[in-house]
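# Examining the three-dimensional arrangement
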Amino acid sequence: MNQAAAILKLLGDKTRLTMMGILADQDCCVCEFVAIFEASQPAISQHIRKLKDAGLVKESRRGQWVFYSLNRQYEHFEFVQMLLDALPSQEEKLTELEKQGKRISCE
């Protein structure tokens with residue numbers, strides 16, 4: 001019960017919940033989230049740090065870029081997946097980012 005409450009509290013923030021929805025479709029880097037949310041890099045990094053510290057998100061380095069993805073090995077991932085399945089798709093945010101030419105613009 002405590003773990004479920006902690007996950008729900010963490011995902012109770014609209015930005016973090018949307019990030020998780022986006023990551024359910026594709027890996028992303030901080031710069032992409034900055035463009036999607038029109039927020040500062042430090043603000044986005046704080047949200048990612050919270051998700052990563054909780055074990056919901058993992059990172060991988062690709063050259064100079066760090067990409068974030070869902071941690072499907074997380075012990076309560078089934079619960080998280082159930083929550084994400086109940087959300088509307090966030091694919092249009094990635095599509096719009098691509099149209100703007102900002103997809104993977106970490107250079």
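See the structure shown above.
Right, let's walk through the structure included here. (Residues numbered from 1 in each chain as written. Predicted model: local features only at pLDDT ≥ 70, side-chain atom pairs only at ≥ 80, totals over all residues. Heavy atoms only, no water.)

Further remarks concern the sheet that holds strand 2 (residues 57-62). Overall, antiparallel pairing links the three strands, which are arranged 1-3-2 in an open sheet. Every interior strand has two partners, whereas the edge strands, strand 1 (28-29) and strand 2, have only one. Relative to strand 3 (residues 65-70), strand 1 is paired through two bridges, and the arrangement is antiparallel. When the bridges of strand 3 are listed, C28 appears paired with Y68. (Pairing = 2+ DSSP bridges. Helix = DSSP H or I, 4+ residues; strand = E, 2+ residues; numbered from the N terminus.)

Let us look at the pairing of strand 3. Bridge count between strand 2 and strand 3: six bridges; the pairing is antiparallel. What sits directly across from E59, in strand 3, is Y68. Between the end of strand 2 and the start of strand 3, which pair antiparallel, lie two residues, with G63 showing a positive phi angle near 65 degrees.

Residue E38 is not a glycine yet carries a positive backbone phi of 50 degrees. Mapped onto the fold, E38 is located in the loop between helix 3 (30-37) and helix 4 (41-54). Judged by relative accessible area, E38 falls into the exposed class, the value being 75%. (Buried < 20%, exposed > 50% of the residue type's maximum accessible area, 1.4 Å probe, protein only.)

Turning next to the side chain of E32. Position of E32 relative to the elements: it lies in helix 3. Of the residues examined, E32 reaches a relative accessible area of 0% and is grouped as buried. Among the polar contacts listed, one links the side chain of E32 to the backbone nitrogen of C29, at a separation of 2.9 Å. (Polar contact = N/O pair within 3.5 Å; in protein donor to acceptor, adjacent residues only side chain to side chain.)

Right, let's get into the environment of R49. Within the element layout of this structure, R49 appears in helix 4. We classify R49 as partly exposed; its relative accessible area is 39%. Among the polar contacts listed, one links the side chain of R49 to the side chain of Q46, at a separation of 2.8 Å.

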